[in-house]
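# Overview (structure and organization)
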Amino acid sequence: ITYLTNLSLSAELLDDILREKPQEADGIDSVVVVDNVPQVGPERLEKLKNVIHKIFSKFGKITTEFYPEADGMTKGYIFLEYAAPTQALEAVKNADGYKLDKQHTFRVNLFTDFDKYMNICDEWEAPEKQPFKDFGNMRHWIEDPDCRDQYSVIYEAGERTAIFSNDAKEPIINEERARWTETYVRWSPKGTYLATFHQRGIALWGGEKFKQIQRFSHQGVSLIDFSPCERYVVTFSPLMDTKEDPQAIIIWDILTGQKKRGFHCESSAHWPIFKWSHDGKFFARMSTDTLSIYETPSMGLLDKKSLKINGIKDFSWSPGDNIIAFWVPEDKDIPARVTLMQMPSRQEIRVRNLFNVVDCKLHWQRNGDYLCVKVDRTPKGTQGVVTNFEIFRMREKQVPVDVVEMKESIIAFAWEPNGSKFAVLHGESPRINASFYHVKNNGKIELIKMFDKQQANSIFWSPQGQFMVLAGLRSMNGALAFVDTSDCTLMNIAEHYMASDVEWDPTGRYVVTSVSWWSHKVDNAYWLWTFQGRLLQKNNKDRFCQLLWRPRPPTLLSIDQIKMIKKDLKKYSKIFEQKDRLSQSKASKELVDKRRAMMEEYRNYREAALQNYQEQKNLRLELRGGVDTDELDSNVDDWEEETIEFFINEEIIPLGDL
Amino acid sequence: HKCFALVKDVKVFVSTEDNQPYLSIPCSEHKITSAVWGPLGEFVIAGHENGEINQFSAKSGDILKKIKEHTKQINDIQSSVDNTMFITASKDNTAKLFDSTSLDHIKTFRTERPVNSAAISPIMDHVVMGGGQEAMEVTTTSTRIGKFEARFFHAAYEEEFGRVKGHFGPINCVAFHPDGKSYSSGGEDGYVRIHYFDPQYFDFELEV
């Protein structure tokens, strides 16, 4: 038996024990101060205390309460002590802003916060002026004289990231870096920034040389989202989150690099958790029975409180206006309904009741002209699920709703980005059909065309509308159909075996199909097609992972200017065609020159090798005992030639009377 | 398991029961996967499973020259008809042309699949390559019939100019007929295919 004669406690052990030492300070952390409490006299004090107790014991056990008085009335603020600091925090979180009646809205704060705010320095110190960092022209890529769009490519399983300019002949490399990102990249919505991911946070790059513009420190960041105006970026890390200091989601100001606000987050399953209004003025998130809408730049709750919406299942912003659409399921005898709400007024523009609803999905057209609510219902008396599309016409007075009934299960739905058509893939493999509808001005929704027996599970509209690709990705082996929806013709049917992704360029001229190493370990490449489905390039890249087109900022041209350009298109076409022909012949000439040089080099090498070979002839003869093996027919004497005749056919041809 | 390159005298090998090699060259680190003789029998050119190529002296077994141009296993080495150069086929999806004496790297031919075998035409500036998936991974490729192709590259321009379909599985071996008028390929599917070139093959020229 060994004894510890020298009890030496390690520093760690000591820390553990000391942490549990009762501390005087604990008491203060559990105290809250409630303001705007009604001022009452002694006859109503008991009732007041009961009301307060009822409201505030929801958050924990109240161990002490103190109602300061002056001149026989309560002062209007009280102190409550809870059994633990966490309970005090709950009280602040939930009771702050509680409306007792018209004149009294509680303000609840931690007692310790008062301390904190009292100690803020009275003297305001102006922040130090930072030197101006010139990153050059942030829109440099837009000024390419040949209007080439850029795209990012991640390959070598993530080891290399490159930026190319798209040219029909072959991609032109702009920048290539090893380990530029640790996982993947994202472009900002207007294409100004490239975001890369790192263990410590994210970095933004931009300008002509892709210099580092800004860095945001968020340990273990895994997801990001930009505000549409590119003023803010939202980062998510599952690692950082404590009750006192929620840091799972952080919203940053991109230009200053400042952390604007941190939020708690339970699960990142439906990223982005915060959805932005199209102009970046608001962002909102949904939690149980609640819709919280915040405004920028203050990052505070709009009207200082969240919206209580019982059972809210999903919401989304109109991409064109500050309108939120949300839906709630059936509740006892109240039917399910979809509501359109104007922000910031919170006025309900439109409410639509829906019956026997199983699920709803919201699909906005890209300009906010239409909202489609895909409703899955189980009609009374049946077992099966049927789907309706409820089409809201946002631009018409009182937002009329038209219904399209679908007979089969829906695989995919997509609006034409800037038009009034939508495409639907429906049915079940192998009988999948593609239907095209047009939402007409006269209140009708017309089925333009249906293609049956399609190998498709995804719809990709050109960002400029009219053209689209129906693709059978992954398990459907990369079947592609290029459609012109102006007359619903199939322009081309093709295949990119095992394609996992389809990406249109921002101008709608080119489409890239790709096989990502992340989903398939061989044949990793990206192929470039024209919008009509003509294959231009096959670009193999070792362990190719991801291609993303750089978005373009909205055009600076007015609608009239665009009209003028379209009118004069013939004139511009001539100039462009000439330019194309010149560059074609230049490329041919370059290729021809390159080939000539290669051939000459090769010929020279072969001549030298041949000369050497001939000089060594004697050596060879010596090695082979005088037998010449240089030519096939060097030793004809050694050969035996045998001629064999086979009888194949007999034909008798009469020569006529001679 | 140790790896050896064994040099055997053919006459002795055939006529006697004593099968001792004339020379045994050990190579302990990366095993040899393919080998050919040098132009005058003075050295052996060997390709290794790590992509290395070594010239072993046929007298002493010492390494005369070594290079590493391939990043993965060398599957096949074949010499040109005059033995002045040789072509290597590698798992790194390329085939490369080298000078036999100096081991200078002359050309590279790139594909997207492992190359199992390559050969040099005796009469034209062409090389033929065959390859495909590793046998284990075949089920992950297109099951379309005859997808495995023999591919022809121009030796000077390093550009592919033709493909011949027909095999149902990866091609393991290719060879030109000594007269250069046909070629043969053997595949995982168990077939040997013999193709005779049509007149256009001999007239074909890339735009110069």
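Residues numbered from 1 in each chain as written. Chains lettered and ligands numbered in written order. Predicted model: local features only at pLDDT ≥ 70, side-chain atom pairs only at ≥ 80, totals over all residues. Heavy atoms only, no water.

### Some thoughts on the overall build of chain A
Selection rule: In this text, helices come from DSSP runs of H or I with a minimum length of four residues, and strands from runs of E with a minimum of two, each type numbered from the N-terminal end. For the radius of gyration, the atoms used are the C-alpha atoms, and the globule rule reads 2.2 Å times the number of residues raised to 0.38. Relative accessibility decides the category of a residue: with a 1.4 Å probe and only protein chains considered, values under 20% of the type maximum give buried, values over 50% give exposed, and everything between is partly exposed. By definition, residues are in contact when any of their heavy atoms lie within 4.5 Å. For accessible areas, the Shrake-Rupley method is used with a probe of radius 1.4 Å. Any residue's cover is judged against the shown protein chains and nothing else.
What chain A contains, in helices and strands, is eight helices and 45 strands. Against the 2.2 N^0.38 benchmark of 26 Å for 658 residues, chain A shows a C-alpha radius of gyration of 36 Å, more extended than a compact globule. With respect to the three principal axes, the spread of C-alpha positions in chain A is 150 × 85 × 65 Å. Among the 658 residues that make up chain A, the fraction classed as buried is 41%. In chain A, 43% of the contacts between residues at least 6 apart in sequence involve partners at least 24 apart. Carbon and sulfur atoms make up 51% of the accessible area of chain A, which amounts to about 40,000 Å² in all.

### Some details on the UniProt feature "domain: RRM" (unreviewed entry) in chain A
Rules: UniProt positions are given in the numbering used here, feature names are shortened, and annotations may be inferred rather than shown by experiment.
As recorded in UniProt, the feature "domain: RRM" (unreviewed entry) lies at residues 30-113 of chain A. Split by type, residues 30-113 of chain A is 35% helix and 33% strand. Its first and last C-alpha atoms lie 11 Å apart.

### What to know about the UniProt feature "repeat: WD" (unreviewed entry) in chain B
UniProt annotation of "repeat: WD" (unreviewed entry) refers to residues 67-108 and 164-194 of chain B when read in the numbering used here. Helix makes up 0% of residues 164-194 of chain B and strand 61%, and the two end C-alpha atoms of the span are 11 Å apart.

### Considerations on the nonpolar core
Residue and element names in this part refer to chain A. We count it as follows: We call a set of buried Ala, Val, Leu, Ile, Met, Phe, Trp, Tyr and Cys residues a nonpolar core when their side-chain atoms join them within 4.5 Å.
Formed by 27 residues in total, the largest nonpolar core has its most connected members in I202 and L204. Mapped by element, the contributors of at least two residues to this core are β12 (185-187), β13 (194-198), β14 (201-206), β15 (211-217), β16 (223-226) and β18 (249-253). Those residues in contact with L204, other than ones at most four positions away along the chain, are Y193, L194, A195, K211, Q212, I213, Q214, F216, F226 and I254. Ranked by size, the runner-up nonpolar core spans 22 residues in total, among them V40, L48, I78 and V108.

### Remarks on the pattern of salt bridges
Residue and element names in this part refer to chain A. As a reminder of what qualifies: Definition used for salt bridges: Asp or Glu carboxyl oxygen within 4 Å of a side-chain nitrogen of Lys or Arg.
In this structure the tally under the stated criterion is 41 salt bridges over all chains. Between D146 and K579 there is a salt bridge, and its shortest N-O distance comes to 2.8 Å. Taken as a pair, D146 in the loop between α5 (111-118) and β9 (150-155) and K579 in helix α7 (residues 569-615) lie far apart in primary sequence, 433 residues in all. Looking at K579, the relative accessible area reads 41%, which means it is partly exposed. Note that D359 is salt-bridged to K361, the shortest N-O span being 3.7 Å. The class of K361 is partly exposed, set by a relative accessible area of 41%. By sharing partners, the salt bridges in this structure join D144, D146, R148, D167, K169 and K579 into a single network.

### What to know about the UniProt feature "coiled-coil region" (unreviewed entry) in chain A
Per the UniProt record, "coiled-coil region" (unreviewed entry) is annotated on residues 588-619 of chain A. Taken as a whole, residues 588-619 of chain A contains 97% helix and 0% strand, while its terminal C-alpha atoms sit 46 Å from one another.

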